[in-house]
Amino acid sequence: MFGRERVELKTPEQILKMREAGLLTHAALESVRAALRPGITPAELDAVGAEVIRAGGGTSNFLGYHGYPATLCISVNEVVVHGIPGDRPLEEGDVVSVDGGAVVDGWHGDSAFTAIVGKPREPGDVELVETTRQALWAGIAALDARGRVGDVGAAVEDAVGGRLGIVDGYTGHGIGTAMHMAPDVLNHRDRDKGPKVRPGMVLAIEPMCTRGGVDTDVLADEWTVVTSDGTRAAHWEHTVAVLEEGLWVLTAPDGGAAELGARGVRVPSE
Ligand code: MF3
Ligand code: CO
């Protein structure tokens with residue numbers, strides 16, 4: 001989508017502002033995670049997240065984006081991404097992806113997680129969620145080598161290891177003064193290795209995986225993206241800054257220290 005457009009590089013001061021947006025994004029998603037239970041509706045969860053963003057002095061970057069009608073995307077089971085929160089109550093065992101972002105002083109955060117409501121239906125659903133989460137962190141860790149942005153996709157692909165479908169046609173993205181900016185951040189290997197990873201880059205990394213194939217369809221509402229084969233899907237996302245000193249996961253409360261530390265990547269202390 002962004003081809004060879006130049007990448008917005010942020011100053012350390014600007015990244016500190018983005019950290020505020022990242023932490024508010026995290027708080028909103030955490031409030032939704034805490035409220036997840038059988039019987040609650042996605043529309044109710046959307047209201048929970050919206051209130052946290054409002055109370056924290058931010059605004060939603062999703063609401064009104066190309067006419068998007070809600071604060072969060074809540075994507076249940078075979079819905080991959082961009083599910084519009086509706087009034088159908090969640091059921092035990094549903095696989096629920098929650099995606100949201102806050103804007104603070106003009107700077108954007110964007111993050112997503114997938115959770116299973118109550119008791120999982122099948123072990124394969126647990127593996128779907130966990131493998132996709134591992135793929136996210138592998139992709140983030142790949143930035144530490146300061147190679148090319150395409151290293152993220154290679155690391156995501158390797159972490160998935162052929163056990164899941166990596167959704168075709170959707171990518172991560174640069175983020176900063178807007179939610180979607182250059183460069184595209186692919187979730188698979190590509191001949192185009194993308195731009196060099198530089199300090200000041202901030203990227204939203206977001207693997208989307210399925211228990212089946214890589215193909216999707218968009219429903220008549222023009223938002224809801226479902227797997228073509230009806231298999232369940234997961235989506236994890238973080239907003240990550242590349243600093244002179246190392247990586248900083250802006251939408252993780254610990255800056256990514258625990259997950260990156262486990263992968264041998266040090267996160268500079270805040
Ligand atoms: N947050 C999604 C992404 O990760 C974009 C959502 S688009 C919206 O890039 F319109 F639904 F907000
Ligand atoms: Co995103």
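So, a few notes on the structure that sits alongside this text. Quantities reported herein were computed from a predicted structural model and do not represent experimental measurements.

Overview of the nonpolar core
- Judged by nonpolar contacts, the single largest core of 52 residues is most densely connected at Ile140, Leu143, Ile205 and Leu260.
- A per-element tally of this core places helix H3 (residues 123-141) first, with eight residues.
- For isoleucine 140, the contacting residues outside a window of four places in its chain are Ile205, His238, Val240, Leu247, Val249 and Leu260.

Brief notes about the environment of cysteine 73
- On the secondary structure map, cysteine 73 appears in strand E2 (residues 73-76).
- Separated by 96 residues in the primary sequence, cysteine 73 and glycine 169 have C-alpha atoms spaced 18 Å apart.

Section: the sheet that holds strand E8 (residues 165-166)
- The three strands lie next to each other as E8-E12-E15, forming an open sheet whose pairing is antiparallel. If you trace the sheet from one side to the other, it starts and ends with E8 and strand E15 (233-235), each paired once.
- Sheet contacts for H3: strand E12 (208-210) and E15; angle to E15, the most-contacted strand, approximately 30°.

Overview of the packing of aromatic side chains
- In the structure shown here, the tally under the stated rule is two aromatic pairs.
- Here tyrosine 68 and tryptophan 223 contribute two aromatic rings whose centre-to-centre distance is 4.9 Å and whose plane-to-plane angle is 80°, an arrangement assigned as edge-to-face. One end of the pair, tyrosine 68, is in the loop between strand E1 (59-60) and E2; the other, tryptophan 223, is in the loop between strand E13 (216-218) and strand E14 (225-227), with 155 residues separating them in the sequence. By the burial criterion, tyrosine 68 is buried, and tryptophan 223 matches it.
- For the cation-ring pair, arginine 33 lies above phenylalanine 113, with the distance from its terminal atom to the ring centre recorded as 4.3 Å.

Comments concerning the site of ligand 1
- The environment of ligand 1 is formed by Phe62, Tyr65, Tyr68, Cys73, His82, Asp99, Asp110, His173, His180, Glu206, Trp223 and Glu237.
- The contact in question runs from an oxygen atom of ligand 1 to an N or O atom on the side chain of glutamate 206, over 2.7 Å.
- Across the shell around ligand 1, the residue classes break down as five nonpolar, three polar and four charged.

Digging into the coordination of the cobalt ion (ligand 2)
- Distances from the cobalt ion (ligand 2) to its protein donors, Asp110 (OD), His173 (NE2), Glu206 (OE) and Glu237 (OE), fall at 2.0 to 2.3 Å.
- In the primary structure, the donors to the cobalt ion (ligand 2) are separated according to the pattern D-x62-H-x32-E-x30-E. Pair noted here: histidine 173 is in strand E9 (residues 172-174) and glutamate 206 is in the loop between strand E11 (202-205) and E12, with a separation of 33 residues, a long-range link. Of the two residues, histidine 173 and glutamate 206, neither departs from the other in class, the shared state being buried.

Details of the sheet that holds strand E3 (residues 79-81)
- The three strands lie next to each other as E3-E14-E13, forming an open sheet whose pairing is antiparallel. Each edge of the open sheet is held by one strand with a lone partner, namely E3 and E13. Strand-to-strand twist of the sheet, defined as the mean angle between neighbouring strand axes without regard to direction, takes the value 40°.
- Relative to E14, E3 runs antiparallel, the two being bridged by two bridges. Counterpart to valine 81 in the pairing with E14 is valine 225.

Considering the pairing of strand E10 (residues 181-185)
- Summarising burial for E10: four of the five residues are buried, a large majority.
- With three bridges joining them, E9 and E10 adopt antiparallel strand pairing. Pairing of glycine 172 across the sheet is with valine 185, part of E10.
- Counted between consecutive antiparallel strands, the loop separating E9 from E10 contains six residues.

Concerning the packing of H3 against helix H4 (residues 150-160)
- At a minimum axis distance of 8 Å, the contact between H3 and H4 shows a crossing angle of 150°. The pairing of H3 with H4 is recorded here as roughly antiparallel in orientation. The handedness of the crossing between H3 and H4 comes out as right-handed. Only Val152, Ala155, Val156, Ala159 and Val160 of H4 make contact with H3, whose side of the interface consists of Thr131, Gln134, Ala135, Ala138 and Gly139.
- Within the contact of H3 with H4, the residues separate by chemical class into seven nonpolar, three polar and no charged.

Description of a negative patch on the surface
- A cluster of acidic residues, Asp168, Asp215, Asp217 and Asp229, forms a negative patch on the protein surface.
- Note on placement: aspartate 168 falls in the loop between E8 and E9.
- For aspartate 168, a relative accessible area of 45% gives the class partly exposed.

Remarks on unusual backbone geometry
- Residue alanine 182 is joined to proline 183 through a cis peptide bond whose omega torsion reads 0°.
- Locating proline 183 in the fold gives a position in strand E10.
- Not every positive phi belongs to a glycine, and asparagine 77 is a case in point at roughly 60°.
- By the secondary structure assignment, asparagine 77 is in the loop between E2 and E3.
- Asparagine 77 gets classed as buried once you look at its relative accessible area, which sits at 12%.
- A positive phi angle, close to 50°, is found at aspartate 105, a residue other than glycine.
- Relative to the assigned elements, aspartate 105 resides in the loop between strand E5 (102-104) and strand E6 (107-108).
- Relative accessible area serves as the criterion here: at 56%, aspartate 105 is assigned to the exposed category.

Conventions we followed
Residues numbered from 1 in each chain as written. Chains lettered and ligands numbered in written order. Predicted model: local features only at pLDDT ≥ 70, side-chain atom pairs only at ≥ 80, totals over all residues. Heavy atoms only, no water. Core = buried A, V, L, I, M, F, W, Y, C linked by side-chain atoms within 4.5 Å. Buried < 20%, exposed > 50% of the residue type's maximum accessible area, 1.4 Å probe, protein only. Helix = DSSP H or I, 4+ residues; strand = E, 2+ residues; numbered from the N terminus. Contact = heavy atoms within 4.5 Å. Pairing = 2+ DSSP bridges. Axes fitted to C-alpha atoms, helices over the stretch in contact; angles between N-to-C directions. Phe/Tyr/Trp six-rings, centres within 6.5 Å; stacked < 30°, edge-to-face > 60°. Lys NZ or Arg CZ within 6 Å of the ring centre and 35° of its normal. Near = heavy atom within 4 Å. Polar contact = N/O pair within 3.5 Å; in protein donor to acceptor, adjacent residues only side chain to side chain. Nonpolar A, V, L, I, M, F, W, Y, C, P; charged D, E, K, R; others polar. Donors = N, O, S within 2.8 Å, 3.2 Å for Na, K, Ca; no water. Parallel < 35°, antiparallel > 145°, perpendicular 65-115°, else oblique. Left-handed = near helix turned anticlockwise from the far one by under 90°. Patch = residues over 30% accessible without salt bridge, like charges linked within 9 Å, V, L, I, M, F, W, Y side chains within 5 Å. Areas by Shrake-Rupley, 256 points an atom, 1.4 Å probe, with all protein chains shown as cover. Salt bridge = Lys/Arg side-chain N within 4 Å of Asp/Glu carboxyl O. Lys, Arg positive; Asp, Glu negative; His and termini not counted. Charge placed at Lys NZ, Arg CZ, Asp CG, Glu CD.

Note that every value here comes from positions in space, so none of it alone points to a role or purpose.
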